[in-house]
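# Tertiary structure, described
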Amino acid sequence: MPWIYLLFAGLLEVVWAVAMKQSAGFTRLWPTAIMGVSMIGSFGLLALAMRTLPLGTAYVIWTGIGAVGAFLVGVMLLGETVNAARVIAAILIVTGMVTMKLA
């Protein structure tokens, strides 16, 4: 169950990051509200996962899901640029997450 909590915490991190971008510096109500709610949910689920999982593992997986997820949303939905360096960076993050999980 802690891995499921961690997965959803990471996905909510993507939601709040995208909502923060869409809030235009907290000037738009609904994206700001979505950001706040998803941030609380993300931290809450991360805390539940950390009851059982080691701190380093949980935090690396959580931030990795958020970082790679935000990168993918930015590219696929927001028209952000894709180049070899950004793709390699995302692959390295995923590699680090897998290595941390296996360690």
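Please refer to the structure placed before this passage.
Reading guide: rules and limits
Residues numbered from 1 in each chain as written. Predicted model: local features only at pLDDT ≥ 70, side-chain atom pairs only at ≥ 80, totals over all residues. Heavy atoms only, no water. Axes fitted to C-alpha atoms, helices over the stretch in contact; angles between N-to-C directions. Helix = DSSP H or I, 4+ residues; strand = E, 2+ residues; numbered from the N terminus. Parallel < 35°, antiparallel > 145°, perpendicular 65-115°, else oblique. Left-handed = near helix turned anticlockwise from the far one by under 90°. Contact = heavy atoms within 4.5 Å. Nonpolar A, V, L, I, M, F, W, Y, C, P; charged D, E, K, R; others polar. Expected span 1.5 Å × (residues − 1). Buried < 20%, exposed > 50% of the residue type's maximum accessible area, 1.4 Å probe, protein only. Phe/Tyr/Trp six-rings, centres within 6.5 Å; stacked < 30°, edge-to-face > 60°. Lys NZ or Arg CZ within 6 Å of the ring centre and 35° of its normal. Salt bridge = Lys/Arg side-chain N within 4 Å of Asp/Glu carboxyl O.

What follows covers the packing of helix α1 (residues 2-22) against helix α2 (residues 29-50). Remark: α1 packs on α2, axes separated minimally by 7 Å, with the N-to-C direction vectors making an angle of 160°. Between α1 and α2, the angle is such that the two are roughly antiparallel. Of the two elements, α1 crosses α2, and the hand of that crossing is left-handed. Here P2, Y5, L6, F8, A9, L12, E13, V15, W16, A19, M20 and Q22 of α1 lie close against α2, whose contacting residues are P31, I34, M35, S38, M39, G41, S42, L45, L46, L48 and A49. Each residue belonging to the contact of α1 with α2 can be placed in one class, and the counts come to 18 nonpolar, 4 polar and 1 charged.

Contact geometry of α1 with helix α3 (residues 55-76) gives a least axis separation of 8 Å together with a crossing angle of 40°. Classified by the interaxial angle, the pair formed by α1 and α3 is oblique. Here the hand of the crossing between α1 and α3 comes out right-handed. Contact residues: W3, L6, L7, A9, G10, L11, E13, V14 and V18 in α1; T57, A58, I61, W62, T63, I65, G66, G69, A70 and V73 in α3. Counted by class, the contact of α1 with α3 contains 13 nonpolar, 5 polar and 1 charged residues.

What follows deals with α3. For the α-helix, the turn length of 3.6 residues means that residues three or four positions removed from each other point alike. With 22 residues, α3 extends 31 Å from end C-alpha to end C-alpha; this agrees with the ideal 32 Å at 1.5 Å per step. Three or more residues of α3 are buried, namely T57, A58, I61, W62, G64, I65, G66, V68, G69, F71, V73 and G74. As for α3, its buried residues are in contact with α1, α2 and α4 (84-102).

Moving on, we get to the packing of aromatic side chains. Counted according to the given criterion, the structure contains 2 aromatic pairs. Ring geometry for F43 versus W62: centroids 5.6 Å apart, planes at 45°, classification tilted. A residue pair is termed long-range when its members are at least 10 positions apart, and F43 in helix α2 and W62 in helix α3 qualify at 19 residues. Pairing Y59 with W62 gives two aromatic rings, centres 5.6 Å apart and planes at 45°, and the pair type is tilted. Of this pair, Y59 and W62 both sit in helix α3, 3 residues apart, roughly one helical turn. Here the aromatic residues F43, Y59 and W62 are joined through ring pairs into a cluster of three or more. Its end group placed over the ring of W3, K101 keeps NZ or CZ at 4.7 Å from the ring centre.

A few words now on the pattern of salt bridges. Per the counting criterion, the structure on display carries 1 salt bridge. The partner of R86 in a salt bridge is E80, and the shortest N-O contact between them spans 3.7 Å. Taking relative accessible area as the criterion, E80 reaches 31% and is therefore assigned partly exposed.

That's the geometry; what it means functionally is another story.
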